[in-house]
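This is what each chain is made of:
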Amino acid sequence: MYYTKLLIPTLREEPGEAEIISHKLMLRAGMIRKLAAGIYNYLPLGYRVLRKIETIVREEMNRAGAQEIFMPMVLPAELWRETGRWDQYGKELLRLKDRHDREFCLGPTHEEVVTDLIRKEVKSYRQLPLNLYQIQSKFRDEIRPRFGLMRGREFIMKDAYSFDIDEACAEESYRKMFEAYNSIFRRCGLIFKPVEADSGLIGGSFSHEFMVLADTGEEAVVSCDACGYAANMEKAEGKSQKSEVRSQKSEYDLLPLERKTTPGKKSVEDVAAFLGVAKEQLVKTLLMRGGDKVVAVLVRGDHELNETKFARILNVTEVELLAPAEVEKATGAPSGFSGPVGLKDILVIADSAVKGMANFVVGGNEKDMHLINVSMERDFTPDQFADVRNVQEGDGCPRCETGKLIIVRGIEVGHTFKLGTKYSVSMDATYLDEAGRPQHMVMGCYGIGVSRIIAAAIEQNHDKDGIIWPAAIAPFKVIILPLNMTSGNVKTTAESIYKGLSEKGVEVLLDDRDERAGVKFKDADLLGIPVQIVVGDKGLNRGIVEIKTRATREVKEVAVEQLILSWEI
RNA sequence: CGGGGUGUAGCGCAGACUGGUAGCGCACCUGCUUUGGGAGCAGGGUGUCGGAGGUUCAAGUCCUCUCACCCCGACCA
């Protein structure tokens, strides 16, 4: 392809709308342009990368036995009402009406549609298992789209759905997808990690997220430094190092409970500093609403509540912190002074790291008042202990004896769920077994953020000058840089190299613009094509061209006549 | 949805407080020179100053409403 024939509007300056590096570089490299918040045009270069990724995804999905289909983007409301998600999904579901006033939504995911298809077409156990996938635009009306393709409202997703006769077969289908996903991300040239995840709103029994490791990732990835354990923050469990070992009551003399005035000291930092104790000697009391109940949660001062775990304990889909006025009503004191001692008619759940603590500090349920030397059981007894906190770096691994947990950032590019019968039951998708009895199909669903992979790949592969594409997803493999288009020798040599490589099946971009060398170098670095072939008079006088690797900037001089002959794809 | 901010040329921005012919850099077009890391000189403005009302002799600037976008938070594959 000739550069002047392609629309590649590179920018010298960083557009103000972009915050993170992948978004900036995609705009600067002329890959995408924004149409509306979270909605983007793909220009030729961006689309080529997208297609590369799609091809890898298709090949691996097909290899794993999945079949490609294509479902509509506009979905009728009735299907969503059948599973209850028309009401559950909230504002993220973009709803619209047709001319007859019938209700529809733009598809954010396709469990309902595919289940409807299968329940109509599949009747017998002989037709199973089935795994159907599509690569398609999804629309989720995100509260706050940001970071370009990383969190768009319209985005391109590969979604697959498996249907099996029973749990064991469903797990086999899941395992195949898990392996296909590993192959896909490996082939895309990404450094990634599959982690255990909470299954969230889509529901189901277990689930993995595939995380591309990058400092700018939006999610925290927890993993063990000794064994293979890895989970996302919502799901990760850990053994607390300090409280469970050091703060055993038996090792301490219980001191008498005391009241201390702590004027205006509300935060853990302030109270700890004021009283001259460590943050981990405090216990926070958070008043939360889950469903229609108000619950007090106790978490050690240096720990954070994990709302996902907490919601699961309460068996509700979401929990929220009470507003200050509600806290005052529930405890009799302004927020910041809540404590478990003397709380009435409120369920108290304590994080397991609080178990066995002694001589600690809690709020006094009175303005400007805290209690010190509080001890479990003597002064109060929680209704329940449970793991409701975020793990911290250095916590013990829950799976092995010696491992310590480490935390890195990741970008979620894939998610696999074992759904079980959640949708087949609510939508009555059944098959007849060998005995002729109707049984619910057991399902799985598997998503890959195809467009997000582009952003993730750039987050992981760039330098100060631009993108450095992994070869498998690069828009071109080679860019030829004739440094002076007015030199006949340079021009014809560049063109013959272009022709030679093209005939060998190499995807080549020839920068035939009449630009100065500096401009071509800068743009080539920005675009991130893995190999640059530099053709200049200087080199040609010695009969050579330079082959430069974008990633390392290593330059190899090669005789012109040798170049095509010795080229290895 | 709450808080903050920004809309002026393709991109980055100034001009607004204090109303008086819409500007700067880059990009773009023409010509000449130049040509190995974002060239120089000369010429060219490509703009409903986000939109609608209003105040005024006069509005990019003041007032009201509105739309879009960005950031923080809550939320989320």
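Residues numbered from 1 in each chain as written. Chains lettered and ligands numbered in written order. Predicted model: local features only at pLDDT ≥ 70, side-chain atom pairs only at ≥ 80, totals over all residues. Heavy atoms only, no water.

Some points on the packing of aromatic side chains
To describe a pair of aromatic rings, you give the distance between the ring centres and the angle between the ring planes. Counted by the stated rule, this structure contains ten aromatic pairs. Seen in terms of ring centroids, Tyr174 and Tyr446 are 6.1 Å apart; in terms of plane orientation they differ by 55 degrees. Their pairing is tilted. You can see Tyr174 sitting in helix 6 (residues 167-187) and its partner Tyr446 sitting in strand 24 (residues 442-449), a full 272 residues away along the chain. The exposure classification of Tyr174 matches that of Tyr446, with both residues buried. Ring centres 5.5 Å apart and planes at 35 degrees place the aromatic pair Phe185 and Phe210 in the tilted group. Taken as a pair, Phe185 in helix 6 and Phe210 in strand 10 (residues 206-213) lie far apart in primary sequence, 25 residues in all. Each member of the pair, Phe185 as well as Phe210, carries the same accessibility label: buried. Aromatic ring contacts, followed pair by pair, group Phe178, Tyr181, Phe185, Phe192 and Phe210 into a single cluster. Lying over the aromatic face of Trp86, Arg95 brings its terminal NZ or CZ to 4.7 Å of the ring centre. (Phe/Tyr/Trp six-rings, centres within 6.5 Å; stacked < 30°, edge-to-face > 60°. Helix = DSSP H or I, 4+ residues; strand = E, 2+ residues; numbered from the N terminus. Buried < 20%, exposed > 50% of the residue type's maximum accessible area, 1.4 Å probe, protein only. Lys NZ or Arg CZ within 6 Å of the ring centre and 35° of its normal.)

Notes on the packing of helix 1 (residues 21-28) against helix 12 (residues 450-460)
With their axes 8 Å apart at the nearest point, helix 1 and helix 12 run at an angle of 105 degrees to one another. The orientation of helix 1 with respect to helix 12, classified from their angle, is roughly perpendicular. In this structure, helix 1 contributes Ile21, Ser22, Leu25 and Met26 to the contact, and helix 12 contributes Ile454, Ala455, Ile458 and Glu459. A per-class count over the contact of helix 1 with helix 12 returns six nonpolar, one polar and one charged. (Axes fitted to C-alpha atoms, helices over the stretch in contact; angles between N-to-C directions. Parallel < 35°, antiparallel > 145°, perpendicular 65-115°, else oblique. Contact = heavy atoms within 4.5 Å. Nonpolar A, V, L, I, M, F, W, Y, C, P; charged D, E, K, R; others polar.)

Here's the deal with the domain arrangement of chain A
One can read the domain layout of chain A as domain 1 (11-190 + 431-459), domain 2 (258-386) and domain 3 (476-566). Look at where the C-alpha atoms of domain 1 and domain 2 centre, and you get two points 41 Å apart. (Domains from an automatic or database assignment.)

What about the environment of Leu93?
Mapped onto the fold, Leu93 is located in the loop between helix 4 (85-88) and strand 5 (95-97). Leu93 sits 23 residues away from Asp116 along the chain, and the two C-alpha atoms are 19 Å apart. Setting aside anything within four residues of it in sequence, one finds Leu93 in contact with Trp80, Arg85, Trp86, Cys105, Leu106 and Pro108.

Here we look at the side chain of Asp164
By the element assignment, Asp164 lies in strand 8 (residues 154-164). Each residue touching Asp164, except ones within four places of it in the same chain, is listed here: Leu128, Pro129, Cys169, Ala170, Ser173, Tyr431, Met441 and Val442.

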